[in-house]
Each structure stands twice: as structure tokens, then as C-alpha cells.
Amino acid sequence: MSEPGLTASAPARAGGRLPAWLPPHRIVLALIGLSLVWWCAGTLRWGWLPDYGWLIVAGIWRTIWLVVVTTLLGFALAVPLGLAQAVGPWYLALPARVFCTVIRGTPLLLQVWLLYFGLGSLFPSIPWIRDSDLWPLLRQAWPYAVLALTLSYAGYEGEVMRGAFKSVPRGQLEAAQAMGMPRLTILSRIWLPQAVMQVLPTLGGETVLQLKATPLVATITVVEIYAVASRVRQDTLIVYEPLLLLAVVYLALAGVIVLGFRWLEGRVPVRGV
Amino acid sequence: METLSLLALEPPGWGANLLRGLVNSIQIALGAFALGLLIGTAGAYGKLYGGRVTRDLLAIYTTVVRAVPELILILILYFAVTDAVNQVLLSFGYPRIQISGVVAGIAVLGVVQGAYATEVLRGAIMAVPSGQIEAARSMGMPPLMLARRITLPAMLAFAMPGMANLWLIATKDTALLAVVGFAELTLETRQAAATTKAFFTFYMAAGVLYLIVTLTSGLLFGRIERWARRGEPALRRAG
């Protein structure tokens, strides 16, 4: 996102002492914002915070864990999905395309409920699953949450990676082939890195979307930060304060993701012409 | 497979419930999309031509809305809007009212859509060659006529892909209203599934309904984009 405010206020630096990003009106806005925060801290009811402190920390940790695990797994799935669509033969490209379309065309909440309630009601009726060592795991909710979020991320990113793989210049791949590189080495050293570098900004945005998708798994009894806040609301009958806390937590997490991807983008080597 | 008969439209089947939910979903999606475009147009103009304070406030609006999960915005806005309306009503001596789910859903999702639409439309307006806008200004066109005759029609082609995306987000976000108990498609599906225990049948059926909506609207938006791009020189020449 470009910041028109930054460029517009640049000339102010020449004369005044204020830095360019802090023209007078921003100071006023910041003061108003601070007084709003002050008012929130003073007049709203925050007495429940100490009682639920550890639960909140555990909830935030679970949310972070979900985002990290599902983006990594989802991206690992998205690479073959993107490759299959970009250059694969039709019997690979078609299923990959159908998968991405279905995932992107239906609400995530429906997918979560389909997996949890659907599979969850199917598994107990199959004897060899009940007898297997995995059964204690499958009786919990979080494997379904991880599966649903992973598939969702893979579906969206498969589409992104399709474009990314196609956008790598052919000359690069031909040069690698001419050097006698094996196909897997070409993929891991030339094709994938260049494709990922091109779509890093998109991936950053998609990861923020993934963060915003995590509260949906609270509906299948996974206890992350949104579920903790809902419990506070049920226990104490306080409406706004837990929601405000949630908004602040998600803003902070989204900020971390954005900064992290900006750092990654900064490490991408820029080719001098 | 024998559970397929549960999808029948007549009472032992739940098909009518699903269709009613679908109609509700589409209604809300349409309303939210339209409201979002209104807010987005105003927001885009504010971000491009507004004063410093307007621009900073709009930056806060788009940043916050795009960073906080829709589910939480829906809850906050739903409670806040209901509260605010009732406070106003009470202070004027009217009794409390219950805000209908459709209106609340449209308002809340519209505010969310508005933030995304602001960014989409801002980008599209910036893509309009500035010479066209300057030419219209130098002809003495008043700002509203300039927007109506030059900027908005010219930016439509650039905005269409983003707007198609927004529409898809709007249809899928209606599912979130299930969490606050509004009877749209996903909640109707859940109720039908929980009652009959035919989970796969109903969730699959709802998925198919959503897919039909998204795929048809994809075709529709493709058509509108081709129409919006009419008269543009072809980017790729044959041979």
C-alpha cells in the first residue's frame, strides 16, 4: 500500500523541524487516539483480565500456532498444485484446477463444518479407524481445523503459484537445462525461488487473510484466542471489552505478519541492469 | 445415497430450507456489495483528492478493517449499531427496536466491503490516464460531471477484476452471519444436517449451491469486463 500522506508532506521537512512522517495534523490525530485509548482503559471494565490472563496467552499462542502450521503445510501443498496447473499434463492439471475452484468458490466456514461434522460422523462407523492408533487424535477437533485451514490456504495459493511459475522467464529454465541441471535441482534452485520472490507481496496479504480465517475454527471447539474471548463474554456478560481486546490482538498479529513479509521482500536480491 | 431424498423440496425434505437460505445469502451479498461500492467510491475519492486528515482517517479505516477478522467486526458492529440506534431512540422517547438480521448483515458486511472497495477503486482511478481528467477539467467540467462522464466509466475496466473478487468475498462472507444466528444458507444447512444426521449430503449440497453462485457470477463479471473494455485497443496482436 502506498502512502500518499508521506509524499505529500515531504516538502515540509525542508523548512520545519518535524520529521516528514509527522506533520502537525498527525500529532493531533495521535493525541485524539491516545485519549480514546485512555478513556477505554479508564471507563471500560477490564477487571476480568487478570482472571483470564493465562487463558488469553494460551489462546494467542494457539492462534499463532494455527497460522504458522497451516500456512507452511498449505504452501507445501500449493507448490505441486501450482506446478500441475502451470505445466502439468491434463490429468494432473484438471484435478488441481477443480480443487482450487471448489476451495475458492465455497465459504471456509462450510468447509470447516463439512470436515468436522461430516468426517467426524463418518469415522466412528468405520471399525478399522476406531481400532487404529490414530483414533485418539481423530476424536479431537484440532486435526480437522488444521486440515480445513491447510486445504483452504493451499487452494488459494495454488492459484497464486500457478501464475508465479508461469511468470518465470523461459530463458532462465532453458539456461539451467543447458547447464545439465537435473529437473528437481532446476525446480529448487531456479524456478521455485524466482516464482516465490515474485509473489511475496501477494503471499503476505494471503497470510493475513489466513490469520483472519482462524477464528472460524472456534465454532468446532478449538480453543484459540477468539474462543477465549467468547468464553469471557459468556462468563462475565461483558460485551465490548473482550471484542476490543480481540481486535487489538489481531491488529498486532497482522502487523507482525506484514513486517515479517516486508523483511523477506527486503532480502530479495534486486538485479542491477 | 438414500439420504438424497432429504434434499426434496416438500416438507420431509429440506430443499426448500436450503433455497430460502440461499435467497437470504444472495440478498445480503447484493446489498453489502452495493453499499461497499458506495463507501468505496467515496473512500477512493477521499484518499485521492481529500485533505490530509481525511486521508489519514481513511488509511486507519482501511487498515483496521482489513487486519481484523470479519467475524469480530461483525460482532462489534452488530452490537454497537444496535446499541447506538436504541440509545438514540430511547433519548427521543421511542421504545427499543430489534434490528432485523438482513439490515444488520448488509450494514456490517457493507462496511467491511467498503474498505476493500476503497483500495480497488483507488487503484482503478489512478490507472485512468491523467491527461483525460486534465482535459475534462480544462474544458470547465464541474467535478460531479467529470466523475460521471470521464473518471468512473474510464476506470470501470480497471476495477472489474477487483470488483469480481469483492463480489466473491461478499457471497462467502455471508456465511459468517451464521455465527451470529442469521438464517442464511450455511446455518440452514447446519440445522438440516444436525436434525437428519446426513452431514455429508447437506454440506455437499450447500457447497454445490455456493459453487453455482460463484461460477455463474464469474461468467457474468467476465462479460461485464469485456463490455467495459469495449473500444480499447487490443493488447495482443495476432501473429
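Structure shown above.
Small disclaimer: the values here were computed from a predicted structure and weren't measured.

The rules we used
Residues numbered from 1 in each chain as written. Chains lettered and ligands numbered in written order. Predicted model: local features only at pLDDT ≥ 70, side-chain atom pairs only at ≥ 80, totals over all residues. Helix = DSSP H or I, 4+ residues; strand = E, 2+ residues; numbered from the N terminus. Buried ≥ 20, exposed ≤ 12 C-beta atoms within 10 Å, placed from the backbone. Contact = placed C-beta atoms within 7 Å. Rg over C-alpha atoms; globule rule 2.2 N^0.38 Å. Nonpolar A, V, L, I, M, F, W, Y, C, P; charged D, E, K, R; others polar.

Draft legend 1. Highlighting the overall build of chain B. A tally of regular secondary structure across chain B gives eight helices and zero strands. Projected onto its principal axes, the C-alpha positions of chain B cover 70 × 65 × 30 Å. The 239 residues of chain B split such that 37% are buried. Relative to all contacts within chain B whose residues are 6 or more apart in sequence, the contacts with residues 24 or more apart total 76%.

Draft legend 2. Region of interest: the overall build of chain A. Broken down by element type, chain A carries 13 helices and zero strands. For 273 residues, the compact-globule estimate of 2.2 N^0.38 gives 19 Å, and the C-alpha radius of gyration of chain A, at 24 Å, exceeds that figure by more than 25%. By its C-alpha atoms, chain A is 65 × 65 × 30 Å across when sized along the principal axes. When each of the 273 residues of chain A is scored for burial, the buried share is 31%. Once local pairs closer than 6 in sequence are excluded, the contacts in chain A between residues at least 24 apart make up 75%.

Draft legend 3. Representation of unusual backbone geometry. Residue and element names in this part refer to chain A. For Thr221, which is not glycine, the phi torsion reads 70 degrees and is therefore positive. Tracing the chain through its elements places Thr221 in the loop between α11 (183–213) and α12 (225–236). Here the phi dihedral of Leu237 falls at roughly 60 degrees; this positive angle occurs in a residue that is not glycine. Mapping Leu237 onto the fold places it in the loop between α12 and α13 (240–267).

Draft legend 4. The arrangement of the interface of chain B and chain A in detail. Between chain B and chain A, the contact holds 33 residues from the first and 30 residues from the second. If you list the elements that add at least two residues to the side of chain B that touches chain A, you get α2 (52–67), α3 (70–91), α7 (185–196) and α8 (199–228) of chain B. For the side of chain B that touches chain A, the class distribution of residues is 22 nonpolar, three polar and eight charged.

Draft legend 5. Region of interest: the environment of Gln191(B). In this structure, Gln191(B) sits in helix α7. Here the alpha-carbon distance between Gln191(B) and Trp14(B), two residues 177 residues apart in the chain, equals 9.7 Å.

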